[in-house]
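Residues per chain, in single letters:
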Amino acid sequence: MPVEEFVAGWVSGALGLVLGHPFDTVKVRLQTQSTYRGIIDCMVKTYRRESVLGFFKGMSFPIASIAVVNSVLFGVYSNALLLLTATSHHERRLQPPSYMHIFIAGCAGGFLQTYCLAPFDLIKVRLQNQTEPRAGRGSPPPRYRGPVHCAASILQEEGPRGLFRGAWALTLRDTPTLGIYFVTYEWLCRQSTPEGQNPSSTTVLVAGGFAGIASWVTATPLDVVKSRMQMAGLGQREYQGLLDCMVSSARQEGLGVFFRGLTINSARAFPVNAVIFLSYEYLLHAWG
Ligand SMILES: CN(C)C(=N)NCCC[C@H](N)C(=O)O
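Described below are features of the structure shown in this document. (Residues numbered from 1 in each chain as written. Predicted model: local features only at pLDDT ≥ 70, side-chain atom pairs only at ≥ 80, totals over all residues. Heavy atoms only, no water.)

This next bit is on the environment of Ala274. Take Ala274: it is sitting in helix H9 (residues 262–286). A relative accessible area of 5% means that Ala274 is categorised as buried. Note: C-alpha distance between Ala274 and Val206 (68 residues apart in sequence) is 6.4 Å. With near-sequence residues (within four places) excluded, Ala274 lies in contact with Leu205, Gly208, Gly209 and Ala269. (Helix = DSSP H or I, 4+ residues; strand = E, 2+ residues; numbered from the N terminus. Buried < 20%, exposed > 50% of the residue type's maximum accessible area, 1.4 Å probe, protein only. Contact = heavy atoms within 4.5 Å.)

Per the counting criterion, the structure on display carries 20 salt bridges. With a shortest N-O distance of 3.9 Å, Lys226 and Asp223 are connected by a salt bridge. Within this pair, Lys226 and its partner Asp223 are both found in helix H7 (residues 201–231), separated by 3 residues, close to a single helical turn. Relative accessible area serves as the criterion here: at 0%, Asp223 is assigned to the buried category. One salt-bridge network, in which partners are shared between bridges, spans Asp24, Lys27, Asp121, Lys124, Arg173, Asp174, Asp223, Lys226 and Arg268. (Salt bridge = Lys/Arg side-chain N within 4 Å of Asp/Glu carboxyl O.)

The end-to-end C-alpha separation of helix H2 (residues 39–50) is 16 Å, in line with the 16 Å expected for 12 residues at 1.5 Å each. Every buried residue of H2 is listed here: Asp41, Cys42, Thr46 and Glu50. Buried residues of H2, viewed axially, fall in a sector of 125°; they line one side. Away from the buried face of H2 by more than 90 degrees, exposed residues Ile40, Tyr47 and Arg48 are located. Where H2 is buried, its residues contact helix H1 (4–32). Positioned one or two residues after H2, Ser51 has a phi angle of 65°, which is positive. (Expected span 1.5 Å × (residues − 1). Arc of directions from axis to C-beta.)

Here it is, written out as structure tokens:
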């Protein structure tokens with residue numbers, strides 16, 4: 001099984017993560033708290049209360065973990081394509097796989113990555129939602145002191161299953177949308193690249209950026225449900241399950257609730273995924 005796709009996926013995931021984390025914090029807060037009037041209001045309040053560091057809350061942990069998840073995604077995707085089409089990454093420009101094969105391989109990558117992603121994503125969301133200023137003398141400490149303390153507290157208070165809160169919503173969110181992600185990327189690359197040639201860096205950047213947007217636009221409704229289910233039990237509303245979360249969110253806040261965070265998600269998705277695909281392609285090219 002070729003492993004370089006896993007390593008390239010890890011490096012590119014880490015680069016994308018640093019670039020995208022401030023956008024991600026604003027998105028998570030908009031989706032789960034109703035104290036903000038919009039993106040700018042959320043950014044201003046975060047900056048005033050928590051300084052620039054507020055945007056980077058919960059990042060140390062995902063930089064190690066989400067990068068591993070990206071490595072699983074790209075590694076499984078590439079190896080699934082190898083199984084389906086018997087072509088390696090380098091052979092795929094001369095013998096391009098069908099969009100159906102790309103979609104299936106993307107869904108397989110999306111499905112398997114959620115097993116690693118679920119607990120990491122839960123911890124990230126819980127830490128990002130702590131809006132207390134940095135602990136100073138006299139101010140009460142935040143509920144979670146960091147990722148390890150957060151994981152230990154969830155285990156203690158909610159049991160091992162607590163770490164997988166929202167995992168179903170995550171699986172439903174990621175399986176089809178990662179199929180869409182890779183199909184969009186390949187389709188855009190093929191549109192502007194002569195047959196048999198490698199796409200230029202500009203093409204990779206643009207195709208990667210739009211692939212990110214396409215996947216996040218389709219993922220946003222379930223992203224909202226997933227974030228709410230992950231926050232449930234923390235003084236926020238408890239849900240009976242995924243359907244209950246969808247129905248009660250729609251009843252209380254209207255259908256627009258499923259598009260919360262769409263603008264910030266798309267603004268984040270372009271640069272993050274442009275960098276992910278560029279560094280991924282670059283590394284695989286450099287390793288020959
Ligand atoms: C749920 N969706 C839509 C995705 N995971 N899409 C792939 C993007 C991967 C990248 N790490 C990012 O966070 O944008």
